Amino acid sequence: MNPLKELHIEMIKQDFPILNQKINGKPLIYLDSSATSQKPKQVIDAIAEYYMSYNANVHRAIHTLGEKATLKYEEAHEKVAKLINAKKEEIIFTRNTTESLNILAYSLGKNITSKDNIVVTEMEHHSNIIPWQQLCKRTGAQLRFIPIDREGKLDIKKSPIDKDTKVVSVAHVSNVLGTMNPIKEISNIAHKFGAYCIVDGAQSVPHLKIDIKDLNIDFMAFSGHKMLGPTGIGGLYGKKEYLKKINPVFFGGGMISDVTEQDAKWADIPNKFEAGTPNIEGAIALGEAVDYLESIGVEKISRYNKDLTQYAMKRLLELNNITVYGPENGDRIGLISFNLVGIHPHDVAQLLDKEGIAIRAGHMCAKPLMRTLGISAVCRVSFYFYNTKEDIDSLIGSLKKIQEVFK
Ligand SMILES: Cc1ncc(COP(=O)(O)O)c(C=O)c1O
């Protein structure tokens, strides 16, 4: 079946109240899901239900409300774990991808010395560069980059991974180029040299069927708000044996098994990494988001998004005076960055907003990549399964109008 006909989008859209509105007198077309996805009412209702019927702290209370909140919070770990084929105790709830990567940079950083190097890629979001830069500044280690080729794919042959590499941390899907990176190949190289392989899954977990065992990775960071969940909740997957071995970064209540005046022992994983009262309603609502994704089918969502992205690519390439970044075919999903020759991306985004079309414009939190590409900003359109071919057609029509205005 044609993947674009596999989903009942009109029915799905009814679950997203925000999409049913006009912006500047035009029906809203939301093409900014890579920044944050919209939320179905099931997720919004889960937050309200928590506060209206069982608001209580977790892992403490013996009363009914506390037991229900704890059960639902624990269930959320299980749901997220199942989504990526991990074990429940391998999922730590954090605020977002950024916090997950910072936790790793601190925790793994304990054993890094000035003889070591850390490897990232030229296409990373600042979240997967700055924590490692800071670690390198603290330890004297070197930060190295896997380069990209002309098409916007990683040039693995030029990988700087060697026997002194301790960490390889790579985006699964680039938030600028849309490129899907060959994670298995990279994790094999990292492991051959005894380095940890970390994946920034911010742009992949919302779109791809992830199997962390098959990918053979050690850690993965992701954000709930990009996969239908609320803001302020994210995840860090870690292989059980490593999570048991490495040290926590935040200390306090909820993460200990015993405390004396001068010392403390840590609780089992994942609690060891979840100090203080967690984002309970966020975790429960993320669990609901996972249920929603699975009720539609992650593989179907993936096929739909790939096809929609290919359709958008084909239509964008029909325009004159456009530069599109990243691979034109195949190995990409979910988003496309481009520039219209002679028109600043901020102008494009502002004029599209007048037509009710929401896109992102700017450096995409990837300034090193912008420098590599020789530009300072791009326009980025990004899709989720509530978008349609008609949304893309409206975008193309509006872009043509903008080009006429600037002629
Ligand atoms: C590839 C990638 N990594 C990391 C992040 C940071 O995500 P968050 O702001 O949710 O921490 C983003 C956000 O856009 C991203 O696209």
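All values reported here derive from a predicted model rather than from experimental measurement.

Cut-offs applied
Residues numbered from 1 in each chain as written. Predicted model: local features only at pLDDT ≥ 70, side-chain atom pairs only at ≥ 80, totals over all residues. Heavy atoms only, no water. Helix = DSSP H or I, 4+ residues; strand = E, 2+ residues; numbered from the N terminus. Rg over C-alpha atoms; globule rule 2.2 N^0.38 Å. Buried < 20%, exposed > 50% of the residue type's maximum accessible area, 1.4 Å probe, protein only. Areas by Shrake-Rupley, 256 points an atom, 1.4 Å probe, with all protein chains shown as cover. Domains from an automatic or database assignment. Contact = heavy atoms within 4.5 Å. Buried area = accessible area lost by both parts, 1.4 Å probe. Salt bridge = Lys/Arg side-chain N within 4 Å of Asp/Glu carboxyl O. Pairing = 2+ DSSP bridges. Axes fitted to C-alpha atoms, helices over the stretch in contact; angles between N-to-C directions. Polar contact = N/O pair within 3.5 Å; in protein donor to acceptor, adjacent residues only side chain to side chain.

### Points about the overall build of the chain
When you go through the chain residue by residue, the secondary structure sums to 14 helices and 17 strands. Taken over C-alpha atoms, the radius of gyration comes to 22 Å for the chain, in line with the 22 Å a tight globule of 407 residues would show. Along the three orthogonal principal directions, the C-alpha set of the chain runs to about 75 × 55 × 35 Å. Buried positions account for 54% of the 407 residues belonging to the chain. On the chain, roughly 17700 Å² of surface is accessible, and the fraction owed to carbon and sulfur atoms is 51%.

### Some remarks on the domain arrangement of the chain
One can read the domain layout of the chain as domain 1 (3-30 + 297-405) and domain 2 (44-295). The gap between the C-alpha centroids of domain 1 and domain 2 is 28 Å. On the domain 2 side, the residues contacting the 34 residues of domain 1 number 31 residues. Overall, the association of domain 1 and domain 2 removes approximately 2700 Å² of surface from exposure, summing both partners, and the carbon and sulfur fraction of that is 64%. Among the residues domain 1 hides against domain 2, the three largest losses belong to Val298, Leu369 and Tyr384. Together they make up 22% of the total. On the surface where domain 1 and domain 2 come into contact, there are one salt bridge. Between Lys153 and Asp331 there is a salt bridge, with the nearest N and O atoms lying 3.5 Å from each other.

### Here's the deal with the sheet that holds strand E14 (residues 335-340)
Here we have four strands laid out as an open sheet, ordered E13-E14-E17-E16, and antiparallel in their pairing. What marks the edges here is a single partner per strand, and that holds for strand E13 (322-325) and strand E16 (360-362). Here the average twist between neighbouring strands, direction ignored, is 30°. Taken strand by strand, helix H11 (residues 298-317) contacts E13 and E14, and its axis lies near 10° from that of E14. Each of E14, E16 and strand E17 (378-382) touches helix H12 (residues 345-354); the most contacted strand, E16, lies at about 160° to it.

### Structural notes on the side chain of His77
One can find His77 in helix H4 (residues 64-83). Within the local environment of His77, its side chain forms a polar contact with the backbone oxygen of Tyr73, the two atoms lying 3.2 Å apart. Engagement of the side chain of His77 in a polar contact is seen with the backbone oxygen of Ile91, the distance being 3.5 Å. His77 has contacts with Lys88, Ile91, Phe93, Pro270 and Glu274, leaving out every residue within four places of it along the chain.

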